[in-house]
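Listed below are the residues making up each chain.
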Amino acid sequence: MYHYLKNLSATEQVGALFIIVFGLLLLASIAAVLMSLREFDETEASSQRRNDLHNFEGVLRTSWFMVFVFWIGWLSGDWVALALFGFVSFFALREFMTLSPTRRGDHRSLVLAFFGVLPIQYWLVGTEHFDLFTVFIPVYVFLAIPVTSALANDPQRFLERNAKLQWGIMVCIYGMSHVPALLLLDFPDYDNKSAFLVFFLVLVVQTCMIAQHLASRRLRRAPAAPNISHSFNWPSWWIGIAVGSVLGTLLAGITPFVPGQAFAMSFVACVAGSLGHLVMKALKRDRGIPIWRGQGTAVTGAGGLLDRVDALCFAAPVFFHSVRWYFGL
């Protein structure tokens, strides 16, 4: 499959990927519909199965959403894709920040985050200032945010308030901004095809998450962290990692990687994405909500966006910097 994809033109690769991805997602969606037709009683086990099915359907919606984002990025060009991911970061951060109340002293810091940090970060990506882009938030913003908050003269729960905002900026802006950054990486003999790296990352991570959910439903092993996730256990986690890594190896032909490199990069992305998803579940439990999306409506009014992109926010920085380090970019 590697040699077959490698020998195709960019347009032919797009067509082949459309068939592959559409087929996989269609099969998974049909499986979800069939599982939803089963009757559930009022037992605790049935309630857990309903929750697992809901999580699986959420992963599927994420997959369809991110595939749509890929096609938009492919057809419209780098700057439109940057703007699109910038809006994703904006609404994801909005959702994250409204999980707990803010004080008047946080308003300056919030304005700085939404209308200062976010556009600057994406401008650094678009202008390919990669060295500054990778340290702008962890170094400069992490000093600027608490200073801005301190100048607001409100010391009540100062550490907790600033830690929450800094964590939201790291996940929703820093993590997500690494996805469009992949579009601008310059590989030898790989001109005008960097959108395939975004597609590769999204497909591998989402396949890992879907495989993990399906394996968890079938294996019914004891959860590794029951207070955080009833569906996360190590056997199903390893199965998800293996499936995602193997798929990445098969798709090496659309990337600048050879199969061994594709396997390693897929493995790294799947580990980071799946464990990041677990971390976000811990944050939700801490805030007393089972899912970012409530009963029929989003908890925060932002559409449950974090349920769709949380794994990608963790996988993208690890994948991006692993690629840059390995290829010396």
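Look up: the structure comes first, before these words.
So, here is what we can say about the structure in this document. (Residues numbered from 1 in each chain as written. Predicted model: local features only at pLDDT ≥ 70, side-chain atom pairs only at ≥ 80, totals over all residues. Heavy atoms only, no water.)

### Brief notes about the overall build of the protein chain
Step number 1: A tally of regular secondary structure across the protein chain gives 11 helices and 0 strands.
Step number 2: The helix and strand sequence of the protein chain, counted from the amino end, reads α-α-α-α-α-α-α-α-α-α-α.
Step number 3: Counting every position in the protein chain, which comprises 329 residues, the buried fraction comes to 52%.
Step number 4: Taking the intrachain contacts of the protein chain between residues at least 6 apart in sequence as the baseline, contacts between residues at least 24 apart amount to 75%.
Step number 5: Element-wise, carbon and sulfur atoms account for 65% of the exposed surface of the protein chain, whose accessible area totals about 15300 Å². (Helix = DSSP H or I, 4+ residues; strand = E, 2+ residues; numbered from the N terminus. Buried < 20%, exposed > 50% of the residue type's maximum accessible area, 1.4 Å probe, protein only. Contact = heavy atoms within 4.5 Å. Areas by Shrake-Rupley, 256 points an atom, 1.4 Å probe, with all protein chains shown as cover.)

### What to know about unusual backbone geometry
Step number 1: Even without glycine at this site, E128 takes up a positive phi of about 60 degrees.
Step number 2: Note that E128 resides in the loop between helix 5 (107–126) and helix 6 (130–151).
Step number 3: Positive phi is not limited to glycine here, since N153 has a value of about 65 degrees.
Step number 4: Taking relative accessible area as the criterion, N153 reaches 68% and is therefore assigned exposed.

### Considerations on the side chain of S322
Step number 1: Within the element layout of this structure, S322 appears in helix 11 (residues 305–327).
Step number 2: On the accessibility criterion, S322 (18% relative accessible area) is buried.
Step number 3: Those residues in contact with S322 that sit more than four places away from it in its chain are M265 and V268.

### Re the pattern of salt bridges
Step number 1: A full pass over the atoms with the stated rule returns 5 salt bridges.
Step number 2: For D131, the salt bridge is made with R324, and the minimal N-O distance between the two is 3.6 Å. Remark: R324 occurs in helix 11 and D131 occurs in helix 6; sequence separation between them is 193 residues.
Step number 3: The class of D131 is exposed, set by a relative accessible area of 59%.
Step number 4: The exposure class assigned to R324 is buried, which follows from its relative accessible area of 15%.
Step number 5: Here the salt bridges do not stand alone but share partners, grouping R103, D106, D154 and R161 into one network. (Salt bridge = Lys/Arg side-chain N within 4 Å of Asp/Glu carboxyl O.)

### What to know about a nonpolar patch on the surface
Step number 1: Judged by side-chain polarity, W234, W238, V246, L250, F263, F267 and L275 come together as a nonpolar surface patch covering roughly 660 Å² of accessible area.
Step number 2: Every element with two or more residues in the nonpolar patch is listed here: helix 9 (234–250) and helix 10 (259–286).
Step number 3: At 4 residues, helix 9 tops the list of elements feeding residues into the nonpolar patch.
Step number 4: By secondary structure assignment, the location of F263 is in helix 10.
Step number 5: Take F263: its relative accessible area is 40%, and that puts it in the partly exposed class. (Patch = residues over 30% accessible without salt bridge, like charges linked within 9 Å, V, L, I, M, F, W, Y side chains within 5 Å.)

### What to know about the environment of P259
Step number 1: With respect to the secondary-structure elements, P259 resides in helix 10.
Step number 2: The spatial distance from the C-alpha of P259 to the C-alpha of T249 is 5.0 Å, given a sequence separation of 10 residues.

### Let's talk about the environment of L165
Step number 1: By secondary structure assignment, the location of L165 is in helix 7 (residues 158–181).
Step number 2: A residue is classified by how much of its surface remains accessible, and L165, at 4% relative accessible area, is buried.
Step number 3: Each C-alpha atom of the pair L165 and I145 lies 8.2 Å from the other, and the pair is 20 residues apart in sequence.
Step number 4: Beyond its immediate stretch of four places on either side in the chain, L165 contacts M97, S109, L110, A113 and I145.

### Topic: helix 11
Step number 1: With 23 residues, helix 11 extends 33 Å from end C-alpha to end C-alpha; this agrees with the ideal 33 Å at 1.5 Å per step.
Step number 2: The largest bend along helix 11 reaches roughly 30 degrees and is located at A315, with the proline P317 sitting one to four residues downstream.
Step number 3: Taking burial as the measure, the 23 residues of helix 11 include 17 buried ones, the bulk of the element. (Expected span 1.5 Å × (residues − 1). Bend = angle between axes of the 7 residues up to and from the residue.)

### Comments concerning the nonpolar core
Step number 1: Grouped together as the largest cluster of nonpolar side chains are 82 residues, with contacts concentrated most on I137, I169, M176, L182, L201, F257 and F319.
Step number 2: Here this core takes 14 residues from helix 8 (residues 195–219), the largest share from any one element.
Step number 3: Discounting chain neighbours no more than four positions away, the residues touching L182 are S194, L197, V198, L201, F319 and F320. (Core = buried A, V, L, I, M, F, W, Y, C linked by side-chain atoms within 4.5 Å.)

### Let's talk about the packing of aromatic side chains
Step number 1: In total, this model carries 18 aromatic pairs according to the counting rule given.
Step number 2: The interplanar angle of 90 degrees and the centroid separation of 5.8 Å between the aromatic rings of F133 and F320 together place this pair among those described as edge-to-face. Of the two residues, F133 is situated in helix 6 and F320 in helix 11; the sequence distance between them amounts to 187 residues.
Step number 3: A relative accessible area of 0% places F320 in the buried class.
Step number 4: Taking the centre distance of 5.3 Å and the plane angle of 85 degrees together, the rings of W234 and W237 count as edge-to-face. (Phe/Tyr/Trp six-rings, centres within 6.5 Å; stacked < 30°, edge-to-face > 60°.)

Everything listed here is a matter of coordinates, which is why it stays silent on function.
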